[in-house]
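Per-entry structural report
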2 protein chains.
Amino acid sequence: MILNRLTKLRKSNNWSLQETADLLGIAKSTYAGYESGHRRPSLEAIKLMADLFQTSTDYILGRVEDPKFQPAFEKTAIELADCLFVDLSVDGSTLSQEEIEYVIAFIRAKRELGQRKEQGKNSVGESSYLNEKTN
Amino acid sequence: MILNRLTKLRKSNNWSLQETADLLGIAKSTYAGYESGHRRPSLEAIKLMADLFQTSTDYILGRVEDPKFQPAFEKTAIELADCLFVDLSVDGSTLSQEEIEYVIAFIRAKRELGQRKEQGKNSVGESSYLNEKTN
DNA sequence: GATTTTTATACGCGAATCGCGTACTATGGA
DNA sequence: TCCATAGTACGCGATTCGCGTATAAAAATC
């Protein structure tokens, strides 16, 4: 069982622990225990969560990587806050959930400051300093 | 959890209860309890059986009908610097190439500062203290 | 047919742990 | 400041899990 996945699934729906627990019909502390690793869900709880999060028990238990039964790149645009299908990485190491949240906040702040670049456009200008790290 | 499925899976391999229990590394009476319904498997046991019988936990738990239905196993790790083929977005608007470069620089700077502020929060695996300075 | 081996089922008990209530801290808004 | 919400952690009662063991049926061996 992979702890981060539950948290990620819950946050992708913008649910609090209390909300999620209510939807599952269990106590908040119980569900919180699942996410923190203090408690492990029963078989029923696993199934309920798979239903609620619209994924599979195999994904929650860590047997498969893909939460959905569809290709990861079906969509061309991946919303960062909702990026369950892929792991993003920088310099080879995967971004943690917290880092992703920082990035989102960073982007928002940057846009807030009036740095409004064209949004739908892609200027494919390769930058040189990005490739300084070689594997 | 659907009782008959375990028995069918076991017999399709022509295994006895003892054989199956040995393969799973549990007591015969324990596994027999799963089939008879007297006992319910733990999360580990469910995963072990899914592996052994080459099916999914969802099938054993009765969430899907097809025992051979496995989700796509495409490991999707996107290196941000190389993700020209997919669009990332925040709040619905696509990140420009320049923004992505800023994000990469942001992440690198953040990691450079040493991310020891968080402890035991996200542990990918069992050891949470081991990977603070790996490569 | 009798004896031994294998298979399947069920019971009882000690140990493990599940789920809940509760308390605590941190954060943000009125 | 006060209050509400979010997240975390602890203790306890009750559930039940996993094992050994016993029993019965079936199969195999002689």
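Residues numbered from 1 in each chain as written. Chains lettered and ligands numbered in written order. Predicted model: local features only at pLDDT ≥ 70, side-chain atom pairs only at ≥ 80, totals over all residues. Heavy atoms only, no water.

1. Looking at the overall build of chain A
Of regular secondary structure, chain A possesses six helices and three strands. Shown N-terminal to C-terminal, the secondary structure of chain A runs as helices and strands in the order α-α-α-α-α-β-β-β-α. Counting across all 135 residues of chain A, residues that qualify as buried make up 39%. Carbon and sulfur atoms make up 49% of the accessible area of chain A, which totals about 7400 Å². (Helix = DSSP H or I, 4+ residues; strand = E, 2+ residues; numbered from the N terminus. Buried < 20%, exposed > 50% of the residue type's maximum accessible area, 1.4 Å probe, protein only. Areas by Shrake-Rupley, 256 points an atom, 1.4 Å probe, with all protein chains shown as cover.)

2. Quick notes on the packing of helix H2 (residues 17-24) of chain A against helix H4 (residues 43-52) of chain A
Two packed helices can be described by the angle between their axes and the distance between those axes. All names here are of chain A. Remark: H2 packs on H4, axes separated minimally by 10 Å, with the N-to-C direction vectors making an angle of 110 degrees. When the axes of H2 and H4 are compared, the pair comes out roughly perpendicular. In terms of crossing hand, the pair formed by H2 and H4 is right-handed. Residues Thr20, Leu23 and Leu24 of H2 form the contact with H4, whose own contacting residues are Leu48, Met49 and Leu52. Considered class by class, the residues forming the contact of H2 with H4 number five nonpolar, one polar and no charged. (Axes fitted to C-alpha atoms, helices over the stretch in contact; angles between N-to-C directions. Parallel < 35°, antiparallel > 145°, perpendicular 65-115°, else oblique. Left-handed = near helix turned anticlockwise from the far one by under 90°. Contact = heavy atoms within 4.5 Å. Nonpolar A, V, L, I, M, F, W, Y, C, P; charged D, E, K, R; others polar.)

3. Some details on the nonpolar core
Of all hydrophobic cores here, the largest spans 33 residues; its most connected members are Tyr31(A), Met49(A), Tyr31(B) and Met49(B). A per-element tally of this core places H4(A) first, with six residues. Setting aside its immediate chain neighbours within four residues, Met49(A) contacts Leu6(A), Leu24(A), Tyr31(A), Tyr34(A), Pro41(A), Gln54(A) and Ile60(A). (Core = buried A, V, L, I, M, F, W, Y, C linked by side-chain atoms within 4.5 Å.)

4. Quick look at helix H1 (residues 3-12) of chain A
Residue and element names in this part refer to chain A. Counted residue by residue, H1 has seven buried out of 10 residues, so it is predominantly covered. Within the sequence span of H1, burial applies to Arg5, Leu6, Thr7, Lys8, Leu9, Arg10 and Ser12. Count one or two residues on from H1 and you reach Asn14, which has phi positive near 55 degrees.

5. Observations concerning the protein's contact with DNA strand D
In the region of DNA strand D, 17 residues are neighbours, and Leu17(A), Ala27(B), Thr30(B), Tyr34(B) and Arg39(B) sit closest. Backbone atoms, meaning sugar plus phosphate, form 43% of the atoms of DNA strand D positioned within 4 Å of the protein. Here Tyr34(B) contributes a side-chain N or O atom positioned 3.0 Å from a phosphate oxygen of DNA strand D. In the model, a base oxygen of DNA strand D is placed 2.6 Å from a nitrogen or oxygen of the Arg39(B) side chain. (Near = heavy atom within 4 Å. Polar contact = N/O pair within 3.5 Å; in protein donor to acceptor, adjacent residues only side chain to side chain.)

6. Concerning the pattern of salt bridges
Opposite charge on two side chains permits them to pair, given that their charged atoms come into close proximity. All chains considered together, the criterion is met by nine salt bridges over all chains. A salt bridge links Asp58(B) to Arg63(B); its shortest N-O distance comes to 2.6 Å. A relative accessible area of 26% places Arg63(B) in the partly exposed class. One continuous salt-bridge network, built from bridges that share partners, spans Asp51(A), Asp58(B) and Arg63(B). (Salt bridge = Lys/Arg side-chain N within 4 Å of Asp/Glu carboxyl O.)

7. So, the protein's contact with DNA strand C
DNA strand C sits among 17 residues. The nearest are Ala27(A), Thr30(A), Tyr34(A), Arg39(A) and Leu17(B). One nitrogen or oxygen atom from the main chain of Arg40(A) is found 3.1 Å from a phosphate oxygen belonging to DNA strand C. Ser42(A) is positioned with one of its side-chain polar atoms (N or O) 3.2 Å from a phosphate oxygen of DNA strand C. Take the surface near DNA strand C: its biggest share by element is four residues, from helix H3 (residues 28-36) of chain B. Here the residues of the surface near DNA strand C are counted per class, giving five nonpolar, seven polar and five charged.

8. Digging into the packing of H1(A) against helix H3 (residues 28-36) of chain A
Residue and element names in this part refer to chain A. Look at H1 against H3: their axes get within 7 Å of each other, and the N-to-C directions meet at 125 degrees. Here H3 runs oblique to H1, going by the angle between their axes. Between H1 and H3, the contacting residues are Leu3, Leu6, Thr7 and Arg10 on the first element and Tyr31, Tyr34, Glu35 and Ser36 on the second. Looking at the contact of H1 with H3 residue by residue, the classes come out as four nonpolar, two polar and two charged.

Just distances and angles here, no functional claims.
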